[in-house]
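Structural description and commentary
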Amino acid sequence: MWGSKKRRIAELQDRVEQLVYERDAALRAVETERTARSIAVRQFCQSEADKVRLTGRVRHLAELLENRGEQGNAENQRLKTRLENMRAAVRKYRKEMDGQARLIRNQNGLLDQFYGLDTPAIAAGEQWQQRRHDRLPGVKL
């Protein structure tokens, strides 16, 4: 009889320890849930505040863009006109430069002809340094 009471007391103590463990686990779960909920609420409030702030910023930037668009069209037109004027000037200067280059080539040709630099003898002696008899071996000129 005593043995059965000791066994019953041991079973009840085991059951109490199990219930205490389950209670502690439940309390930890509740605390974790509260912490997670408070973090979620804080993040939601922060995102809501960010949304309000960014909505105002977007509205302000849209107004600036609208105002800038009206001013920007006139500025863009002025810049397009300047760019076209610059392109026309570049075309004019290139045309003049090409004419000057042709003139210089023609004058160089006339000078070569006048001094006799376009004769076959001059052309044949163009690489005279490679054919020199007193040239040192291994020296590139």
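Use the structure listed above.
**A look at the overall build of the chain**
Looking only at helices and strands, the chain features two helices and zero strands. Every one of the 141 residues in the chain was classed for burial, and the buried ones make up 1%. On the chain, roughly 13,500 Å² of surface is accessible, and the fraction owed to carbon and sulfur atoms is 58%.

**Details of a nonpolar patch on the surface**
A cluster of nonpolar side chains, Leu 111, Phe 114, Tyr 115, Leu 117 and Ile 122, forms an exposed patch at the surface whose accessible area comes to about 570 Å². Sort the elements by how many residues they give to the nonpolar patch and helix 1 (residues 2-115) lands first, with three residues. With respect to the helices and strands, Leu 111 occurs in helix 1.

**Notes on the pattern of salt bridges**
Evaluated as defined, the whole model comprises seven salt bridges. A salt bridge links Arg 34 to Glu 31, with the nearest nitrogen and oxygen atoms 3.6 Å apart. Here Arg 34 pairs with Glu 31, and both are found in helix 1, just three residues apart, close to one helical turn. Here Glu 48 ties to Lys 51 by a salt bridge, and the two come within 3.4 Å at their closest N and O atoms.

Cut-off values and rules
Residues numbered from 1 in each chain as written. Predicted model: local features only at pLDDT ≥ 70, side-chain atom pairs only at ≥ 80, totals over all residues. Heavy atoms only, no water. Helix = DSSP H or I, 4+ residues; strand = E, 2+ residues; numbered from the N terminus. Buried < 20%, exposed > 50% of the residue type's maximum accessible area, 1.4 Å probe, protein only. Areas by Shrake-Rupley, 256 points an atom, 1.4 Å probe, with all protein chains shown as cover. Patch = residues over 30% accessible without salt bridge, like charges linked within 9 Å, V, L, I, M, F, W, Y side chains within 5 Å. Salt bridge = Lys/Arg side-chain N within 4 Å of Asp/Glu carboxyl O.

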